[in-house]
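Fold and contact review
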Amino acid sequence: MYPPPPATSYTTAMALVTVVSMASAAISETGRQLQYSKFWNVGAKKSTPKLPGKMGMLLMYTPAFLIGLASFGIFPNEGLRFVLLKLALTIHFFKRLCEVLFVHKYSGPMFLDIAIAISLSYFIQAATMIYAQHLTQGLQEPLIDLKFVGIPIFLVGLSGNFYHHYLLSKLRGEGEKGYKIPRGGLFNLLICPHYLFEILGFIGVSCIAQTLYAFSYTLGSAMVLMGRSYATRKWYLSKFEDFPKDVKAFIPFVF
């Protein structure tokens, strides 16, 4: 299904590092969550500089968006699959920036070190996915070509993620910072449907790319978001006595 591995150990090593580090992060999320969004003050480090929530989120996504945009100039004319991958990554992070600027409403600040760490992680992962795709140029195409399967999967994931982010934003009125139980869409079944659709989007990216690194990133992201979904559901159960117990974390009726 995937092209033969190129003559480099970098992407293979990065694939392993990505899965292992994200698996570790997923386990951590079930205990001590990464400090942003509703978990920003969990185990807060009082001496660490903080940014306004919107500024922190912009810092998180901007470098990855810029490397996606720059990749069109760095690696021009390298085939349709590569163009589709670069488009998918650039559109994904552009959408996230637009949501930060125009959709999300923020309940608290973000620690500067957390914002930098997540930003660096997104940047490295996006750059590595692009570089891994560059290394496949001139190699034999996969026996089963999934790029045209990946496009609609990516678009469904992108749209579903945006829709549920929009629903979350409508829970708060002007100036409100408190949390409410989400309603509408798949929130009647899941507490984090936006995470589920985000992973669906990256499954689409994996199908477009068909590289080992793209697959490893999708697998790692799924583990992290499942862990954070579990923590989010646990948080809602602790905060709201009327939280519906049949609403799952990540997978309808299952988990």
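All values derive from a computational prediction rather than experimental measurement.

1. Some details on the pattern of salt bridges
Applying the stated criterion across every chain, the model contains five salt bridges. In this structure, the salt-bridge partner of glutamate 141 is arginine 81, at a minimum N-O distance of 2.7 Å. Placement of glutamate 141 in the loop between helix 4 (112-135) and helix 5 (147-169) and of arginine 81 in helix 3 (residues 80-102) is noted, with a sequence separation of 60 residues between them. The class for arginine 81 is buried, based on a relative accessible area of 8%. Aspartate 145 is the partner of arginine 81 in a salt bridge, and the nearest nitrogen-oxygen pair spans 3.0 Å. In this pair, arginine 81 sits in helix 3 while aspartate 145 sits in the loop between helix 4 and helix 5, placing the two residues 64 residues apart along the sequence.

2. Describing the packing of helix 2 (residues 53-74) against helix 4
Two elements in contact, helix 2 and helix 4, have axes separated by 8 Å at closest approach and are oriented at 15°. In terms of orientation, helix 2 and helix 4 fall into the roughly parallel class. Where helix 2 crosses over helix 4, the handedness of that crossing is right-handed. From helix 2, Gly56, Leu59, Met60, Tyr61, Pro63, Ala64, Ile67, Gly68 and Ser71 reach across to helix 4, where they touch Leu112, Ala115, Ile116, Ile118, Ser119, Tyr122, Phe123, Ala126, Ala127 and Ile130. Residues belonging to the contact of helix 2 with helix 4 are distributed by class as follows: 15 nonpolar, four polar and no charged.

3. Here we look at the packing of aromatic side chains
Inspection of every chain in the model, using the stated rule, returns 12 aromatic pairs. Look at tyrosine 61 and phenylalanine 93: their rings are 6.5 Å apart centre to centre, the planes differ by 40°, and that puts the pair in the tilted class. Taken as a pair, tyrosine 61 in helix 2 and phenylalanine 93 in helix 3 lie far apart in primary sequence, 32 residues in all. For the pair tyrosine 61 and phenylalanine 93, a shared accessibility class is recorded, and that class is buried. With 5.8 Å between their ring centres and 25° between their planes, tyrosine 236 and phenylalanine 243 make a pair best called stacked.

4. A look at the packing of helix 6 (residues 193-209) against helix 7 (residues 212-239)
To describe two helices that pack against each other, one gives the angle between their axes and the distance between the axes. Two numbers describe how helix 6 lies on helix 7: the axes approach to 9 Å, and their chain directions differ by 175°. When the axes of helix 6 and helix 7 are compared, the pair comes out roughly antiparallel. Residues Tyr195, Glu198, Ile199, Phe202, Ile203, Ser206 and Ala209 of helix 6 form the contact with helix 7, whose own contacting residues are Ala214, Phe215, Tyr217, Thr218, Ser221, Ala222, Leu225, Arg228 and Ser229. The residue inventory of the contact of helix 6 with helix 7, partitioned by class, reads 10 nonpolar, four polar and two charged.

5. Remarks on the UniProt feature "transmembrane region" (unreviewed entry) in the chain
Feature annotation in UniProt places "transmembrane region" (unreviewed entry) on residues 12-28, 55-74, 110-132 and 144-164, given in this structure's numbering. The distance from the first to the last C-alpha atom of residues 12-28 is 25 Å, and the span holds 100% helix and 0% strand. Counting secondary structure, residues 110-132 comes out at 91% helix and 9% strand; the distance between its end C-alpha atoms is 32 Å.

What counts, and where the lines are drawn
Residues numbered from 1 in each chain as written. Predicted model: local features only at pLDDT ≥ 70, side-chain atom pairs only at ≥ 80, totals over all residues. Heavy atoms only, no water. Salt bridge = Lys/Arg side-chain N within 4 Å of Asp/Glu carboxyl O. Helix = DSSP H or I, 4+ residues; strand = E, 2+ residues; numbered from the N terminus. Buried < 20%, exposed > 50% of the residue type's maximum accessible area, 1.4 Å probe, protein only. Axes fitted to C-alpha atoms, helices over the stretch in contact; angles between N-to-C directions. Parallel < 35°, antiparallel > 145°, perpendicular 65-115°, else oblique. Left-handed = near helix turned anticlockwise from the far one by under 90°. Contact = heavy atoms within 4.5 Å. Nonpolar A, V, L, I, M, F, W, Y, C, P; charged D, E, K, R; others polar. Phe/Tyr/Trp six-rings, centres within 6.5 Å; stacked < 30°, edge-to-face > 60°. UniProt positions renumbered as here; feature names shortened; annotations may be inferred.

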